Structure formats: structure tokens, C-alpha cells
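Structural features, examined
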Amino acid sequence: MKVSPGHYREKSHCGYCGGDDSSRIYGFLAYELTVKEYQELVDRGLRRSGVFVYKPDLAKSCCPQYTIRLRVEEFRPGKEHRQGLNRFNRFVGGAGNAHKKKKGKNNEYSLLTAIHEAEGEDFEVRLESSEFSQEKYELFRHYQMHVHNETEDEVSEEQFRRFLCDNPFPRRDSSEPIEKNDGLRGHVHQTYYHKGRLIAIGVLDVLPHCVSSVYFIWQQDYARFGMGKIASMQEIGLALELNKPYYYMGYYIHSCPKMKYKAQYRPSYILEPRLAECDEADGWWRPIEDFESKLDESPYVTLVDKPTPDYGDHLKTDSKLFASAMPGLLPPSELQNVDPKDFVTLVVDDEDDEIPINMHLIRPQFRTQVKMAQLELIAIVGKDLAQNARIKVG
Ligand SMILES: [Zn+2]
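Residues numbered from 1 in each chain as written. Predicted model: local features only at pLDDT ≥ 70, side-chain atom pairs only at ≥ 80, totals over all residues.

1. Quick word on the overall build of the protein chain
Looking only at helices and strands, the protein chain has 12 helices and 16 strands in total. By the compact-globule yardstick of 21 Å for 394 residues, the protein chain fits well, its C-alpha radius of gyration being 22 Å. C-alpha extents for the protein chain along the principal axes are approximately 75 × 50 × 40 Å. Across the protein chain, the fraction of contacts at a sequence separation of at least 24, relative to all contacts at a separation of at least 6, is 67%. (Helix = DSSP H or I, 4+ residues; strand = E, 2+ residues; numbered from the N terminus. Rg over C-alpha atoms; globule rule 2.2 N^0.38 Å. Contact = placed C-beta atoms within 7 Å.)

2. What to know about the environment of Leu329
As for its placement among the helices and strands, Leu329 is situated in the loop between α9 (320–324) and α10 (332–335). Among the residues examined, Leu329 registers 27 C-beta atoms within 10 Å and is labelled buried. C-alpha separation for the pair Leu329 and Arg161, spaced 168 residues apart in sequence, amounts to 31 Å. Contact partners of Leu329, with chain neighbours within four places excluded, come to Ala276, Ala379 and Ile380. (Buried ≥ 20, exposed ≤ 12 C-beta atoms within 10 Å, placed from the backbone.)

3. Focus: the UniProt feature "domain: N-end aminoacyl transferase N-terminal" (unreviewed entry) in the protein chain
Under the present numbering, the feature "domain: N-end aminoacyl transferase N-terminal" (unreviewed entry) in UniProt falls on residues 12–83. Secondary structure within residues 12–83 divides into 18% helix and 32% strand; the distance between the first and last C-alpha atoms comes to 40 Å. (UniProt positions renumbered as here; feature names shortened; annotations may be inferred.)

4. Some remarks on the UniProt feature "domain: N-end rule aminoacyl transferase C-terminal" (unreviewed entry) in the protein chain
UniProt tags residues 135–271 as "domain: N-end rule aminoacyl transferase C-terminal" (unreviewed entry). Taken end to end, residues 135–271 is 26% helix and 26% strand, and its first and last C-alpha atoms sit 37 Å apart.

5. Here's the deal with the pairing of strand β5 (residues 52–56)
Two elements, strand β3 (residues 23–32) and β5, share five bridges in a ladder whose sense is antiparallel. The residue bridging Leu29 from the neighbouring strand is Phe52, located in β5. Note that strand β4 (residues 47–49) and β5 share three bridges and pair antiparallel. Bridge pairing in β5 places Arg48 opposite Val53. Hairpin connection between β4 and β5: a loop of two residues separates the two successive antiparallel strands, and Gly50 in this loop has a positive phi of roughly 65°. (Pairing = 2+ DSSP bridges.)

6. Focus on the nonpolar core
If you look at the biggest cluster of nonpolar residues, it comprises 91 residues, and the most contacted ones within it are Leu70, Ile217, Ile236, Ala239, Tyr247, Leu377 and Ile378. Of all the elements, helix α11 (residues 364–381) adds the most residues to this core, at nine residues. Of the domains in this structure, domain 1 (2–69 + 272–392) and domain 2 (101–222) are the two that each give at least three residues to this core. Setting aside residues no more than four positions away along its own chain, Ala239 makes contact with Val72, Cys210, Val211, Lys244, Tyr246 and Tyr247. (Core = buried A, V, L, I, M, F, W, Y, C linked by C-beta atoms within 7 Å. Domains from an automatic or database assignment.)

Right under this line is the structure:
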């Protein structure tokens, strides 16, 4: 993992309630990141947007963002989901597919059979590399303008590339077809074609233990089928086919009506915000039911029953992150006696080479800042990951 020094933003725009400065996040740029490392980051409450990796401060944000995951093996789609998919299948599949069997073994509803039912001459769902194409961009543009009411000036090619194509993972050869097997890893576009026209794209990260949804865009004329539900069934199905135990739907925001649908998918688990302070026996993931009733009363909920940690004056003075005591950080006891240079390497880029540097090469006035960036990274990602981390300075 190679990253920029992190930054705690006290005033961030909130896309969920529209609050101007009411969201707080800690974030950094990832120049290099393996999918395995990213899985571990996601499991500590981080997420990425393009190459920007961030962790929301749940305790101090207007709309706290909880990491949620679904166990795909045990998921059974409800009536509404099944009917929506049936209607969609009938529309895109043509008459030829109408009588295919929808029951799997033991006469149970088979999600995998249902999601593939309409595939044929007229309808296809494919995995493609996340490369930019004009056709994809046109769909994105249409979606942002018609579904999110953005103006023509607000939507740009650059925004599409940065948000839905760029990623920090090792590059794959884009000419190689993407095989749907256990070895598949990285950033992909799941594309839906109806009569040769691109009608939807699921932007996905395939990680060691999950399929993680980044974004989903679709043609507005298909709105009546409930495209979000169709996509989640396709993506849960993909996780099953790739032998992943989990489907990550992106952050769950209990206070945001638009995001509440994620709680319909069961069995789901929420990542305890103060994960690093959990007792081992409790684990980091708890059934959503343990949080739900509490979330009705207060937007920020933790099941850890300990006072908020105090990082002490020397850390609080020099670091907004430690001053905030953001949930999820390693507790002070684990940071005592830690020498950051034993974990995080400092590097500079010199044309194509990367050169490790010592603190004494950093100008004295920046040393505290750089040391804090190292310590913050350790506190955010944990000691194991930090051991292989490099921070690019200068
Ligand atoms: Zn908000």
C-alpha cells in the first residue's frame, strides 16, 4: 500500500442530507493498493471513491455511514424482488424464455436460475474491464441528469473516469477477457445489454471475500422494473458464482430514506464502529437487528460500552484525527510506545524510482506533521497493514 499523508476534514459536504459542512471524514489518496489490502480496509470501515480512500467519522457526522454486508448463501429474495425480476425477464428476454424452470433443487426458488433466465439473443449481462468508453459515459451522463437531476455542466467525462473507472488496484491487461471464476479480482463493470444497447452498468470491486458495489447506473426507460433491485440480485448472484461469502452494498445510512432499502436484505451484519476496541469474543460484525432499534433513537450507535478514548494532549494538539477520537481508531493503549518508523516507510518518487527516506531528510518544520501522518495511518488501518505501508511525502 502506497498512500498520501491523510487528512481529517472537519467540514465536508454531505451527499445524503445535503448538509454543507456537516460531514467529517478522514481520507488519503491510494497510489498502490492490493485487493487484499482493500478488503481489510473495507473491513475497518473505509471505502474508496476512485483512488481516494476515506473513513467517515460516524460519531460526528450528520448521517453516519455504517459498513454493512450480506451473507449471500442465506439470502432469500422476497416476493417484491422475485416479481420485479420476473417482469424484467419477460420484457428483455422475449417469448422464447418465458417457460424456463425457475426452481432449483428441492423445488426452492433459485436466484441463479432466475438471474440468468432472460439471457439470450436479446439480453446479455457481461463482465468487462473498467475502461472508459463513450457508450458507458453517455449512459452515466443520462443517469446523472435524469435520475439525480444534475445539470449538463455538472456532468463531465473526467468525473465519470475519476469516480467509476479509476482505481488503485494492480492494472490488468484490458485485452484479456474477464473470466467469471474464483480467481477474479479487482475493479470491473458488469454491463447489461438489451437488443444491443447498453442499458445498465454495475460498478463493482471483486475482493477476496466479497463483491462490493460501488455504483449502479441505468437507462431511465427501465425505471418501472426497479433496476436497483434487479442489480442487487445480479450482484448477489455474482458473489455466489465467484464463491464469495459476502455482498457489500456500500454504506448503510439509517437516517437516509434513500439508503434504508439496504436493511431489507437479510441476513445482514453491521461493522461495529469502535471495532478496534471490541472484546474478541464479541467480534467486529453484529447482526443488523442488534443496531436497528437503537438507530431509531440516535443516528450514532456503538455496542462498545466503554468511555470514548482520550489520546492525550501531545497527540490531540498535532492531529485533528486524534482530537476527534474518531470511532474505529486503535485505542491509545495500542499506540503507546509505537515508533511510527517501525511500521510506515516514508518514500519519495524520483522519476520511475521510489526512494525510502529518513525523517532527518524532512525539513524540521514538517517533521511533526509527517510523524502524525504515520501514526494516524497506523491507528486507522491497524498495525498489520501499516507494516507494509508507504507514505509518499513531497
Ligand atoms: Zn448528512
